[in-house]
Amino acid sequence: MSNKKMVTTLLSAFFVSSVVLSGCSSSTTSTATSAPSEKAKSETATEAPKAKKDAVSLTLAIWDKGQQGATEAITAEFMKANPNITVKVEVTPWDDYWVKRSAEATSGTLPDVFWMHSGQFLKYATGKFIAPLTDKVKAGDIDLNNYVSNLGNVYTLDGVPYAVPKDFDTIGLAYNKELFQKANIPFPDDTWDYTKLAEVAKKLTDASKGIYGFAAKADTQIGYWNDMLAFGGSILSPDMKKSGYDSPESIAALKQRYQMIVDKSSPTVQQMTDTDPREMFKSGKLAMMFEGSWQINDIYSSDIMKGKWDWAKLPKGPKTRGNIINGLGYSMSAASKHQEEAWLLTKFLGSKQAAQIFADKGAAIPAFKDTQDAWLKSKPDLNLKVFPEQAKEATPYPAGSKSYPVWFTKEAQIMAPAFGGKQSIEDAAKAVAKAMNDAIAAEK
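Criteria and thresholds
- Residues numbered from 1 in each chain as written.
- Predicted model: local features only at pLDDT ≥ 70, side-chain atom pairs only at ≥ 80, totals over all residues.
- Heavy atoms only, no water.
- UniProt positions renumbered as here; feature names shortened; annotations may be inferred.
- pLDDT = per-residue confidence, 0-100.
- Contact = heavy atoms within 4.5 Å.
- Buried < 20%, exposed > 50% of the residue type's maximum accessible area, 1.4 Å probe, protein only.
- Helix = DSSP H or I, 4+ residues; strand = E, 2+ residues; numbered from the N terminus.
- Pairing = 2+ DSSP bridges.
- Core = buried A, V, L, I, M, F, W, Y, C linked by side-chain atoms within 4.5 Å.
- Axes fitted to C-alpha atoms, helices over the stretch in contact; angles between N-to-C directions.
- Parallel < 35°, antiparallel > 145°, perpendicular 65-115°, else oblique.
- Nonpolar A, V, L, I, M, F, W, Y, C, P; charged D, E, K, R; others polar.
- Expected span 1.5 Å × (residues − 1).
- Arc of directions from axis to C-beta.
- Phe/Tyr/Trp six-rings, centres within 6.5 Å; stacked < 30°, edge-to-face > 60°.
- Lys NZ or Arg CZ within 6 Å of the ring centre and 35° of its normal.
- Salt bridge = Lys/Arg side-chain N within 4 Å of Asp/Glu carboxyl O.

As annotated in an unreviewed UniProt entry, the protein carries the name Sugar ABC transporter substrate-binding protein and is attributed to Paenibacillus alba. According to the UniProt record, the Sequence similarities (unreviewed entry) comment for the protein reads "Belongs to the bacterial solute-binding protein 1 family."

Encoded structure:
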C-alpha cells in the first residue's frame, strides 16, 4: 500500500487476469461400427487406469488476521477444484512477517505462495527468491490488463513480473460520530482542510476523560506522507532521484502534524507507541485518525464502536488532497518443490472469482477490474466510497527503487524521535533528505 507519473503507473496494471480454474480432460470416442476384436478387448481390460495425481500440500502466508476468513474461503474453493491439493493459510503479524520471510528466503524455505508488499519486493526479486511470471504472461495464463490501473507494474523488475495483484488501498479519515454529536459538531466532509482538522481536534479533546481529538501519528503511509503531498511537497522527485523531505512545503506539513501533539489535541508519541491509535479509536477514546482501508474489518469488529463511526476523505491541503495508494500481490517462492501446483493456486488467487469473494466479505478492495462494487456494498452503513474515489488522484507508495529499503529504515529512526520532541522537525526532515539522497546516489 510518489509522483503523478508513478500514480499513472501504479493505477493502471492494478488488476490481473480473470482466471477460472477448471479441470479439463480429453477422451477419444471410437467411430468403428463393428465390435472390437478379442485382442482389443483383452488389451482394453488390462490397460492400467490413469494414475491419480499425487497429494500436495501448499502453504499460503499472509499477515492480516482480519483477512484470514476471506482467504480461507478462497482457498476452500480452490481445493474443491483441485482435490489433490491442500492449502494451509499461515498468518504472521506484520511486525514479524518480514523477519520470518527474510530468514526463510536465505534458507530456501519460503512459503509456496505469500503476500508481497511493494516495500519489500525489490529485495525478493533481485535476490531471486521469488519466481518470475514472464512465461505465464506470455502464454496467456494471466493477463495483467485485468487489474485496475497498472498495479502489475509495481511488481515488475526489468520488464519481468514477479507477482499477481491482489488488492489496492488508500487512506481515509475515520471519525467517531458519537463524540461529534455530543459536541454538536457537524461530521467531516469534503470541504475540510487541515485548519479545520486542527480546530475540531482541539474542541473534541477532553483530557479529563482521556479523549483526544486526533492521532498525529509519526507514520508514513497512514500519516505525514499524505500531509506532505497535500501541502505541495513530495516524498521523492518525479524521477525518483531526489528526496522531497527538505522542501519548504514538506517541512510545513510535518510541522502542522507535530503541532497537534504540542497542542495536546493528539496523544504523545510515547502514548501512541504504548497503545496504537487504532485501539484508542476502537475503545472510544479517539475522535479522529488517518487509517488505511485494510483496517476496516478490524475497526468494524469493535463492539464499543458499532454504529458509532464512519469514514471521510482526508482533509485538503494548501495545494491538493494528498493520499497514498498501494497494493499487495501474490508471489511464488522460487524454491517451492511444487511449482506447478503453486502456480495453479497463484492464478486462482488472482482470478475474478477470488476477487469477488474478497469483495463480498469486505476484506479488501480487490484489484481485479469490475469487482469493487460488491466491496462497497459489503458494509452499507459505512461511507466506503471515499477510498476508491481518492484512488483516482492518489500518489503511489514510493518503493520503486533499490535505495528504498535503505532510506526507509533510516527515515523512521530519524522522524520518530523528532515527533517525540528530541529534535526539531525541520532538522529531522533535512536529515532524512540527506539519508535518502545518499542512498539514491549509492544506488547508481
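### Some points on the confidence of the model for the protein
On average, residues of the protein score 88 in pLDDT, and 87% of them are at 70 or above. Low pLDDT, under 50, characterises residues 1-50; the stretch is placed with 122 contacts to residues that sit more than four places away or in other chains.

### Here's the deal with the pairing of strand β8 (residues 164-169)
Counting buried positions over the six residues of β8 gives six, a clear majority of the element. Where β8 lies against strand β12 (residues 324-332), five bridges are found, and the strand directions are antiparallel. Opposite F168, over in β12, you have G327 as the bridge partner. Here β8 pairs with strand β13 (residues 365-366) via two bridges, running antiparallel. Across the sheet, the residue bridging to F168 is I365, located in β13.

### Focus: the nonpolar core
Within the largest apolar cluster, 80 residues are counted, with the highest numbers of intra-cluster contacts made by Y245, M288 and W311. The element best represented in this core is helix α19 (residues 425-443), accounting for eight residues. In contact with M288, other than residues within four places in its own chain, are L173, A174, Y175, F180, W192, L197, V200, A201, G213, F214 and A215. In this structure, I85, A131, A163 and I357 belong to the second largest nonpolar core, which totals 51 residues.

### Some thoughts on the packing of helix α9 (residues 220-230) against helix α18 (residues 404-419)
Following both chains from N to C, one finds α9 and α18 inclined at 75°, their axes separated by 13 Å at the closest point. If you check the angle between α9 and α18, you find them roughly perpendicular. Of the residues in α18, those touching α9 at T220, Y224 and W225 are W407, F408, E411, M415 and F419. A breakdown of the residues in the contact of α9 with α18 according to their chemical character gives six nonpolar, one polar and one charged.

### So, the pairing of strand β9 (residues 171-176)
Taking burial as the measure, the six residues of β9 include six buried ones, the bulk of the element. Neither face of β9 is open: one carries I171, L173 and Y175, the other G172, A174 and N176, and all of them are buried. The pairing of β9 with strand β10 (residues 288-292) spans five bridges and is antiparallel. Across the sheet, residue I171 finds its bridge partner in β10, namely G292. Taken together, the four bridges between β9 and strand β11 (residues 309-312) define a ladder with antiparallel strand orientation. Looking at the pairing, Y175 lines up with D310 of β11.

### Some words on helix α4 (residues 94-107)
For the α-helix, the turn length of 3.6 residues means that residues three or four positions removed from each other point alike. Compared with an ideal rise of 1.5 Å per residue, which puts 14 residues at 20 Å, α4 spans 20 Å between its outermost C-alpha atoms and is within 8% of the ideal. Considered for burial, the residues of α4 that qualify are Y97, W98, R101, E104 and A105. Along the axis of α4, the buried positions cluster into a sector of 125°, meaning they face one direction only. Exposed residues on α4 whose side chains face more than 90 degrees from its buried face are D95, V99 and T106. Buried residues in α4 make contact with β2 (56-62), β3 (85-91), β4 (113-116) and α5 (121-126). A positive backbone phi angle near 75° is found at G108, which sits one or two residues after α4.

### Quick word on the packing of aromatic side chains
Under the defined criterion, the tally for this structure stands at 31 aromatic pairs. Residues Y124 and F129 carry aromatic rings whose centres are separated by 6.1 Å and whose planes lie at 65° to one another, so their mutual orientation is edge-to-face. Classification of Y124 as buried rests on a relative accessible area of 0%. With centroids separated by 5.6 Å and ring planes inclined at 70°, the aromatic side chains of Y175 and F180 adopt a geometry described as edge-to-face. You can call Y175 buried: its relative accessible area is 5%. In this structure F180 comes out as buried when scored by relative accessible area, which is 0%. When the ring centre of Y300 is taken as reference, the NZ or CZ atom of K306 above it lies at 5.5 Å. Sitting above the plane of the Y300 ring, K379 keeps its charged end 5.0 Å from the centroid.

### A short note on the pattern of salt bridges
Where side chains of opposite charge bring their charged atoms close, a pairing between them can arise. One pass over the full model with this rule turns up 22 salt bridges. The closest approach of N and O atoms between D167 and K166, which form a salt bridge, is 2.3 Å. Overall, D167 belongs to the buried group, its relative accessible area being 3%. Classification of K166 as buried rests on a relative accessible area of 6%. Taken together, the shared-partner salt bridges in this structure form one network comprising K217, D276, R278, E279, K282, E291 and D298.

### Re unusual backbone geometry
A positive phi is found at D158, a non-glycine position, where the angle reads about 55°. With respect to the helices and strands, the residue D158 is situated in the loop between β6 (156-157) and β7 (160-161).

### Some thoughts on the sheet that holds β11
Strand order in the open sheet made by the three strands is β10-β9-β11, with antiparallel pairing throughout. Single-partner strands in this sheet number two, and they are β10 and β11. Shown here is a sheet whose adjacent strand axes are inclined to one another by a mean of 35°, direction ignored. Its contacts with the sheet place helix α8 (residues 194-204) against β9 and β10, and it is angled at close to 125° to β10.

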